[in-house]
Amino acid sequence: MQDMKKMMLILLAGCLLVACGKESAPGPQIVAHRGYWKTEGSAQNSIASLLKAGEIGAYGSEFDVNLTADNELVVNHDFSYKGLVIRESTLADLRNDTLRLDNGELIPTLDEYLEASLQYPEMKLVFELKSKGDPAYEATAIRKSIEAFKRYGVQKRVEFISFSLSACQEFARQMPRNRVEYLGGEMAPAELKKLGINGIDYHHSVFLSKPEWVVEAHEQDMVVNVWTVDDDEVIERMLLLGADQITTNVPERVREKIDTYEVKDMPAF
Ligand code: MG
């Protein structure tokens, strides 16, 4: 019975895709995960990855942000960088000339990242706050981030994501017109909406086991993002489910799949 329900939802999503028509609906928005880094001269979370996402016309460039010991914001996925714990290191420690990304850049500051983003003013800035849930850390990181957005005039381009529910709530409180997508994967969309959060960004396995959450999110006027989708079959399944955004390490591949997608190609579930 549950399988039948899932299949009905999937078929409904597929029909809606067809009804919308490809000319007027180019499909899900493509977000380059940690920028577009799987290409010459790039590296994850580098300035180059942001610019290369802009060059290929990605809807958004996703990046991860950490706070240093001297309360500076830097772009990096992990809590540590080249053996240094970011929260225990100053910006000067991290920007040591000997510590470089794979493409030769120094670890970017948030300011550098936002300034570079002005070259592609249409592209969204999918900002992930890395947090272990400490309220003081989150308050400082969010305050300083919003100050930086204002400094560069990019507030409207920011879409906030985090595994920290409290950080999502706080960002939503301070930037209520922006998209805020919770990453955790364990909460039903309606529960998040009650907390003021207007989007979900879950691992694709969550949507494969709970496709009804896509419908529930849309009923709540919430945006549905999915990470990290690099595999052809998973791309197709997310298209069928009706994801609004696809976060991927292979943005050009996803673009090609969307542009050539036919509902008759529906994979067997
Ligand atoms: Mg991230």
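Refer to the structure above for everything that follows.
Residues numbered from 1 in each chain as written. Predicted model: local features only at pLDDT ≥ 70, side-chain atom pairs only at ≥ 80, totals over all residues. Heavy atoms only, no water.

## Some thoughts on the environment of I161
In this structure, I161 sits in strand β7 (residues 158-162). Separated by 21 residues in the primary sequence, I161 and Y182 place their C-alpha atoms 5.7 Å from one another. (Helix = DSSP H or I, 4+ residues; strand = E, 2+ residues; numbered from the N terminus.)

## Some points on the coordination of the magnesium ion
Distances from the magnesium ion to its protein donors, namely E62 (OE), D64 (OD) and E128 (OE), fall within the range 2.0 to 2.1 Å. Positions of the donor residues of the magnesium ion, expressed as sequence spacing, correspond to E-x1-D-x63-E. Here E128 lies in strand β6 (residues 124-129) and D64 lies in strand β2 (residues 60-67), a separation of 64 residues in the sequence. An identical accessibility class is assigned to D64 and E128; each is buried. (Donors = N, O, S within 2.8 Å, 3.2 Å for Na, K, Ca; no water. Buried < 20%, exposed > 50% of the residue type's maximum accessible area, 1.4 Å probe, protein only.)

## Here's the deal with the environment of M175
Within the secondary structure layout, M175 lies in the loop between α6 (165-174) and β8 (179-182). M175 sits in the buried class, given a relative accessible area of 7%. Setting aside its immediate chain neighbours within four residues, M175 contacts I146, F149 and Q155. (Contact = heavy atoms within 4.5 Å.)

## Details of the nonpolar core
Residues L110, F127, F149, F171, Y202, F207 and M238 are the most contacted members of the largest nonpolar core, which totals 62 residues. In contact with F127, other than residues within four places in its own chain, are F63, V65, L110, S145, F149, V158, E159, F160 and I161. Among the nonpolar cores identified, the runner-up in size contains 9 residues, and L94, L99, L101 and I107 belong to it. (Core = buried A, V, L, I, M, F, W, Y, C linked by side-chain atoms within 4.5 Å.)

## Section: the side chain of K257
Topologically, K257 is positioned in helix α11 (residues 251-260). For K257, a relative accessible area of 13% corresponds to the buried category. Discounting chain neighbours no more than four positions away, the residues touching K257 are D232, I235, E236 and L239.

## Description of the packing of aromatic side chains
Within this structure, the stated rule accounts for 10 aromatic pairs. Here F163 and W227 contribute two aromatic rings whose centre-to-centre distance is 5.9 Å and whose plane-to-plane angle is 80°, an arrangement assigned as edge-to-face. A residue pair is termed long-range when its members are at least 10 positions apart, and F163 in the loop between β7 and α6 and W227 in strand β10 (residues 223-227) qualify at 64 residues. Judged by relative accessible area, which is 43%, F163 ranks as partly exposed. Feature note: the residues F63, Y113, F127, F149, F160 and F171 constitute an aromatic cluster, connected by ring pairs. Its end group placed over the ring of F79, K132 keeps NZ or CZ at 4.6 Å from the ring centre. If you follow K210 out to its NZ or CZ, it ends over the ring of W213, 5.1 Å from the centre. (Phe/Tyr/Trp six-rings, centres within 6.5 Å; stacked < 30°, edge-to-face > 60°. Lys NZ or Arg CZ within 6 Å of the ring centre and 35° of its normal.)

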